[in-house]
Amino acid sequence: MTTTRTTLRELVRIPGGGRYALSATVEAATSGILRPFIVIYAVLIGLSAWQAGMTLTVGMLAGLGAVPLAGRWIDRGARRAPAVAALLVRAVGSLLLALVPGIAGFTIGAVLIGVGTQIAPPTNSALVAALAGPAQRAAALAAGRSLRNAGLGAGALLGTVLVASGPEVLRWLALATALGCAFGAAVIARVPLPHQDDPAPARAAATKEARGAGLRTVTILALAGIPYAFHADILEIALPLLLVQGLHTSLAWPSGIFVANTVMVIALQLVVVVRLARWPHRTVLFWSGLLLAASYLAFWLGGATGGRPGTVLVALVIVPYTLGEILYTGSSVPLVIESAPPHLMGRALARWQLSYGLARAVDPLIITGLLSLGAAALWLPLAAVTVLGAATVRLGTQRHRLHRSRGQSMSHAVADGGSPAAIGPLTESLQMSPGRPASTVIATTTSDGPGHKLSGHPERRRPGRRTGTRPPAF
């Protein structure tokens, strides 16, 4: 039986996985102690709440501008360095908050923190992909997210206790965040990476068709993922407004729901991701969209019901909502990685982060604006566009999958010395064989390694059937 503990143990056993886990835990815990209070800190040093929010938004937008640069850096073969840079930029930004307690220090620090925060997801994903093999990748990514969620929660709890002693402690919290990020960068810098051959330019250019298909698929995923990204601010913006203003509950209800969501994510994320490893990531992401859309409709129904029954309904719906969130976080990035050519993984991750970051930048304005028009103005369109995004994931990416697989098989054969002219007729003849699924046909056209061009495995061939020929007609 797969458990969170065993999966975390597997992450630690991966060469370099233990150091990555240590870095992620320390960085998240030290970041969590300041994260809930950064706006309060800005107000204490002389900024208005509006100025603080605008400064943080500018920092996040500046970070989006750095994401494509980080993606190209990854595509050049870098794995550790981008992740280290993301942590060091955040360390410098937090250090400025602590040592320059003024408007200028906060502004520059917020921009640097925004840059480090935005480039962290693609750089961390690329590093984990380098450490773990394809079979372990999804579980390793889920383990890293669980460690970060646990660290953020523990750090926020510690920060709450420390802030009770007085607001002057906030400067020390900023300093602790800087030290934690610097420590995480030092640990990541010493993570051993398995030997990887950088894709040679000739081999990477063997088939432009496969390259374009991979990036087209990622573009479709990025566009379809925009509605998904709205789920991140449902707990922090939409549900508190629904519960407090719409259902007239106390603040304990949204706070309790937030805590329950965090606990369920930490407890269930690894187990669910590992149990669903046998399913294609595209299918898991599709069902994630359906769960989130159904949750939005249930939130709307709870608000329309009103009173205690409506409040209880909203609280109960947090269970399928959390499951949809877990399915989304566990399948989206692995799907992006496997949908892109290996030599363009950095740009693919950057493209995904750009769509996610842009959605996160505008969704507070959209959520609050639609809620001001009425509950139905938010929940019904949000459910509709999420279903549309799920349908796009299901149908749009499937359209390019077979096309891309053919291109990849041809590029592998050419790289091993095969002739493109010989591959085409062979593939065509294989496709004409009845009872052979497309995936089997494509697999038979790939090479078995150096010196085995387009050779099959004799022990796996069926008696009386020759590879590449049609069976005799009776």
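Up top is the structure.
Residues numbered from 1 in each chain as written. Predicted model: local features only at pLDDT ≥ 70, side-chain atom pairs only at ≥ 80, totals over all residues. Heavy atoms only, no water.

Describe the overall build of the protein chain, naming the residues involved and giving the relevant values.
Secondary structure assignment for the protein chain yields 18 helices and zero strands. Counting over 474 residues, the protein chain shows a buried share of 46%. Intrachain contacts of the protein chain at a sequence separation of at least 6 include 82% that bridge at least 24 residues. Here the protein chain displays about 22600 Å² of accessible surface, and carbon together with sulfur accounts for 67% of that area. (Helix = DSSP H or I, 4+ residues; strand = E, 2+ residues; numbered from the N terminus. Buried < 20%, exposed > 50% of the residue type's maximum accessible area, 1.4 Å probe, protein only. Contact = heavy atoms within 4.5 Å. Areas by Shrake-Rupley, 256 points an atom, 1.4 Å probe, with all protein chains shown as cover.)

Before we move on, could you go through a nonpolar patch on the surface and cite the residues and values that matter?
On the surface, a cluster of nonpolar side chains totalling about 330 Å² of accessible area is made up of L297, W300, L301 and L380. In terms of residues, the nonpolar patch owes the most to one element, helix α13 (residues 281-305), which gives three residues. You can see L301 is positioned in helix α13. (Patch = residues over 30% accessible without salt bridge, like charges linked within 9 Å, V, L, I, M, F, W, Y side chains within 5 Å. Salt bridge = Lys/Arg side-chain N within 4 Å of Asp/Glu carboxyl O.)

Talk me through the side chain of S31; I want residue IDs and the actual numbers.
By secondary structure assignment, the location of S31 is in helix α2 (residues 17-32). Not counting the four nearest positions on each side in its chain, S31 is found in contact with R90, L152, T177 and C181.

Please give an account of the pattern of salt bridges that cites residues and values.
Under the criterion given, the structure shown has three salt bridges. Across the pair E27 and R90 runs a salt bridge, and its minimum N-O distance is 2.8 Å. You can see E27 sitting in helix α2 and its partner R90 sitting in helix α5 (residues 80-99), a full 63 residues away along the chain. Among the ionic pairs, R347 bridges to D75, the shortest N-O distance being 3.1 Å. In this pair, R347 is assigned in helix α15 (residues 345-373) and D75 in helix α4 (residues 49-75), connecting sequence segments 272 residues apart. Owing to a relative accessible area of 16%, D75 belongs among the buried residues under this scheme.

I'd like to hear about the packing of helix α11 (residues 234-246) against α15, residue by residue, with values.
Viewed as axis vectors pointing N to C, α11 and α15 meet at an angle of 10°, and their least axial separation amounts to 10 Å. Classified by the angle their axes make, α11 and α15 are roughly parallel. Judged by residue contacts, I234, I237, A238 and L241 of α11 engage P364, I367, T368 and L371 from α15. Here the contact of α11 with α15 is built from residues that sort into seven nonpolar, one polar and no charged. (Axes fitted to C-alpha atoms, helices over the stretch in contact; angles between N-to-C directions. Parallel < 35°, antiparallel > 145°, perpendicular 65-115°, else oblique. Nonpolar A, V, L, I, M, F, W, Y, C, P; charged D, E, K, R; others polar.)

Would you mind going over the environment of F183 in detail, with residue names and values included?
By the element assignment, F183 lies in helix α8 (residues 170-188). Sequence separation between F183 and S23 is 160 residues; the distance between their C-alpha atoms is 7.3 Å. Not counting residues up to four positions away in its chain, the partners in contact with F183 are L22 and V26.

How would you summarise the nonpolar core if you had to cite specific residues and measurements?
Nonpolar side chains tend toward joint burial in soluble globular proteins. Counting residues in hydrophobic clusters, the biggest one holds 63 residues, and the most contacted among them are I234, L239, Y296, F299 and W379. Element by element, the count of residues in this core is highest for helix α14 (residues 307-339), at nine residues. With 16 residues, the next largest nonpolar core counts L34, L97, L173 and A174 among its residues. (Core = buried A, V, L, I, M, F, W, Y, C linked by side-chain atoms within 4.5 Å.)

Quick one: what's the story with α11, residue by residue and with numbers?
Because an α-helix packs 3.6 residues into every turn, residues spaced three or four apart end up facing the same way. For α11, spanning 13 residues, the distance from its first C-alpha to its last is only 15 Å, which falls clearly below the expected 18 Å at 1.5 Å a residue. Residues of α11 that are buried include every one of I234, L235, I237, A238, L239, L242 and L243, and no others. Of the residues trailing α11, H248 is marked for its positive phi of about 60°. (Expected span 1.5 Å × (residues − 1).)

So what's going on with the packing of aromatic side chains? Which residues, and what values?
Per the stated rule, a full pass over the model turns up six aromatic pairs. Considering the side-chain rings of F286 and W287, the 5.5 Å spacing of their centres and the 70° angle between planes classify their relative orientation as edge-to-face. Given a relative accessible area of 16%, F286 falls into the buried group. An aromatic cluster of at least three residues, connected via ring pairs, comprises Y296, F299, Y321 and W379. (Phe/Tyr/Trp six-rings, centres within 6.5 Å; stacked < 30°, edge-to-face > 60°.)

Residue-level account of the packing of helix α12 (residues 252-275) against α14, with values.
Remark: α12 packs on α14, axes separated minimally by 9 Å, with the N-to-C direction vectors making an angle of 35°. Two packed elements cross with a definite hand, and for α12 against α14 that hand is right-handed. For the contact of α12 with α14, the class distribution of residues is 15 nonpolar, six polar and two charged. (Left-handed = near helix turned anticlockwise from the far one by under 90°.)

How would you sum up α15? Please name residues and give values.
Helix length check: α15, at 29 residues, gives a terminal C-alpha distance of 41 Å against a target of 42 Å (1.5 Å per residue), a fit within 8%. The largest bend in α15 is about 40°, located at V362, with the proline P364 one to four residues further on. One or two positions beyond α15, positive phi appears at G374, with a value near 140°. (Bend = angle between axes of the 7 residues up to and from the residue.)

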